[in-house]
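The chain contents come next:
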Amino acid sequence: MATVELRFSASPEHVRTARLVAAAVARRAGVDESALDELRLAVGEACSRAVGLHAIHGLTSPVRVVLTEGEKSFSIEVGDDAPSAVPAPRDSSAGEAAEDTDELGLAVISGLVDDVEVISAANGGAIRMSWPASTPSFP
């Protein structure tokens, strides 16, 4: 099982790089070409969500992306260090806006990925996604 780990500062400009790396590793792992657009979008949403959570909580730690090539599957985990999925609101309108944005991002990811798991804990959270993969045939 091969694993690639990517860490980047929680800044929106790095999300594109994470998407490109994820698509390249997924292609190498044998994920079907027809699934790569959805994979890129899902990774972009998950990374943007993590960047947003880091910004809301004032965190300077990096966002983590772990790409794992299994025997028959390819998985991606995007991790953050935010203390919970949705922060306690400072005022009602800010809290509602953060919660709506979070729910919309998760809905988009769920629509793009059949196998997705959202984990939220006091010390951070993660979104795990996986796709079927076949062993690529190289000449």
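Predicted, not measured: the structure shown is a model, and the values here were computed from it.

A.B. asks: Mind laying out the pairing of strand β5 (residues 124-132), listing which residues take part and the relevant values?
C.D. replies: Here β5 lies mainly inside the structure; 7 of its 9 residues are buried. Across 8 bridges, the pairing between strand β3 (residues 73-80) and β5 is antiparallel. For D80, the partnering residue across the bridge sits in β5 and is G125. Sheet topology note: the strand β4 (residues 115-121)/β5 ladder contains 7 bridges and is antiparallel. Residue S120 lies in a different strand from β5, and its bridge partner there is G125. Hairpin connection, β4 to β5: the antiparallel pair is bridged by 2 residues.

A.B. asks: Summarise the environment of D80; cite the residues concerned and give the values.
C.D. replies: In this structure, D80 sits in strand β3. For D80, a relative accessible area of 4% corresponds to the buried category. Sequence separation of D80 and R64 is 16 residues, and the distance between their C-alpha atoms is 6.6 Å. When sequence neighbours within four positions are dropped, the list of residues in contact with D80 reads R49, A50, L53, H54, R64, N123, G124, G125 and A126. Reaching out from D80, the side chain makes a polar contact with the backbone nitrogen of A82 at a distance of 3.0 Å.

A.B. asks: Outline the sheet that holds strand β1 (residues 2-8), listing residues and values.
C.D. replies: Read from one edge to the other, the open sheet built from 5 strands follows the order β1-β2-β3-β5-β4, with strand pairing classed as antiparallel. If you trace the sheet from one side to the other, it starts and ends with β1 and β4, each paired once. Sheet twist, expressed as the average angle between the axes of neighbouring strands with direction ignored, equals 15°. Across the sheet, helix α1 (residues 15-29) touches β1, β2 (63-69) and β3, and the angle it forms with β3 is around 160°.

The rules behind each value
Residues numbered from 1 in each chain as written. Predicted model: local features only at pLDDT ≥ 70, side-chain atom pairs only at ≥ 80, totals over all residues. Heavy atoms only, no water. Buried < 20%, exposed > 50% of the residue type's maximum accessible area, 1.4 Å probe, protein only. Helix = DSSP H or I, 4+ residues; strand = E, 2+ residues; numbered from the N terminus. Pairing = 2+ DSSP bridges. Contact = heavy atoms within 4.5 Å. Polar contact = N/O pair within 3.5 Å; in protein donor to acceptor, adjacent residues only side chain to side chain. Axes fitted to C-alpha atoms, helices over the stretch in contact; angles between N-to-C directions.

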